[in-house]
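Below, each chain spelled out in residue letters.
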Amino acid sequence: MSTVLYIKANPKPDHASYTFRMSEAFIQSYKEVNPGDRIITLDLYQEGVRPLDAEMLAQMFSTQENIMKKYAEQFAAADKYVIAAPMWNLSFPAILKTYFDYVVLAGVTFKYTEQGPVGLLVPGKKAVHITARGGQYSEGPAAQFEMGDRYIRTILGFMGVEQSDITTITTELTGVLQGQELEQSVTKSVEEAKRKAANF
Ligand SMILES: Cc1cc2nc3c(=O)[nH]c(=O)nc-3n(C[C@H](O)[C@H](O)[C@H](O)COP(=O)(O)O)c2cc1C
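- Naming follows an unreviewed UniProt entry, where the chain appears as FMN dependent NADH:quinone oxidoreductase of Desulforamulus aeronauticus DSM 10349.
- The record in UniProt for the chain states the following under Sequence similarities (unreviewed entry): "Belongs to the azoreductase type 1 family."
- UniProt annotates the chain under Subunit (unreviewed entry) with the comment "Homodimer."

See the structure below:
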């Protein structure tokens, strides 16, 4: 049995978000194929994840229970990550970065060594980043400006997830296409999400 951590980073309700249309379809399809698995949904806005403040930083290396340890240990304990976050200003909503600031914790998800930092996640974890984008960044001239997927891949790699175990599912041009064309494009991405969930 695997534990899947479903991290949601969009203040919009499911029905109003293209990102969540894909991610909810992904989770639904995953559940059908893996009925025994445990899915933990972490809606970062509902959680009220707040930027690290001085008090939290002071607790960073404390051995006592605190909110950073709680999120980092939950992250380390999961086997698979589903990260649903739209493109905002070339990356993703800041609340997701804040969440990573909690999760990337020395002694839990990485450690310092004489050769530099090393990821502490047990090998073999899988991740998918699901994202809707107003424009096109998967190819073409704007591809070089995409920093969300790049960041997520880099930070997961830092903690020990292999790049070959990370998948990205996008729907693009949501701000450009209209009407039926947009609906067809999103539907195609939702179908891709369902297909990929079956082998996740
Ligand atoms: C605050 C904000 C920033 C955005 N920045 C970008 C951007 O840099 N590039 C882009 O192509 N679209 C951008 N968009 C458009 C969204 O990526 C697009 O509307 C997408 O469909 C949002 O996903 P959602 O439908 O799941 O909310 C932005 C939207 C918002 C609200």
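Considerations on unusual backbone geometry
Argument step 1. In the Ramachandran plot, Asn89 falls in the positive-phi region, its phi being about 45° despite a non-glycine side chain.
Argument step 2. Along the chain, Asn89 turns up in the loop between β3 (80-84) and α5 (94-103).
Argument step 3. Residue Asn89 is classed as exposed on the basis of its relative accessible area of 76%.
Argument step 4. Positive phi, normally seen in glycine, also occurs at Leu90, with a value near 70°.

Observations regarding helix α4 (residues 67-77)
Argument step 1. Along α4, the residues classified as buried are Met68, Lys69, Tyr71, Ala72 and Phe75.
Argument step 2. Of the residues flanking the start of α4, the one acting as N-cap is Asn66, its side-chain oxygen 3.0 Å from the backbone nitrogen of Met68.

Comments concerning the packing of aromatic side chains
Argument step 1. Here the structure, examined in full by the defined rule, presents 11 aromatic pairs.
Argument step 2. Here the aromatic rings of Tyr30 and Phe200 are separated by 6.1 Å at their centres, their planes lie at 70°, and the arrangement is edge-to-face. One end of the pair, Tyr30, is in helix α1 (residues 18-33); the other, Phe200, is in the segment after α7 (179-198), and 170 residues separate them in sequence. Of the two residues, Tyr30 and Phe200, neither departs from the other in class, the shared state being buried.
Argument step 3. Among the aromatic side chains, those forming a connected cluster through ring pairs are Tyr71, Phe75, Tyr81, Phe92, Tyr99, Phe100, Tyr102 and Tyr151.
Argument step 4. Over the aromatic face of Tyr71 sits the side chain of Lys70, whose NZ or CZ is 4.9 Å from the ring centroid.

Definitions and cut-offs
- Residues numbered from 1 in each chain as written.
- Predicted model: local features only at pLDDT ≥ 70, side-chain atom pairs only at ≥ 80, totals over all residues.
- Heavy atoms only, no water.
- UniProt positions renumbered as here; feature names shortened; annotations may be inferred.
- Helix = DSSP H or I, 4+ residues; strand = E, 2+ residues; numbered from the N terminus.
- Buried < 20%, exposed > 50% of the residue type's maximum accessible area, 1.4 Å probe, protein only.
- Polar contact = N/O pair within 3.5 Å; in protein donor to acceptor, adjacent residues only side chain to side chain.
- Phe/Tyr/Trp six-rings, centres within 6.5 Å; stacked < 30°, edge-to-face > 60°.
- Lys NZ or Arg CZ within 6 Å of the ring centre and 35° of its normal.

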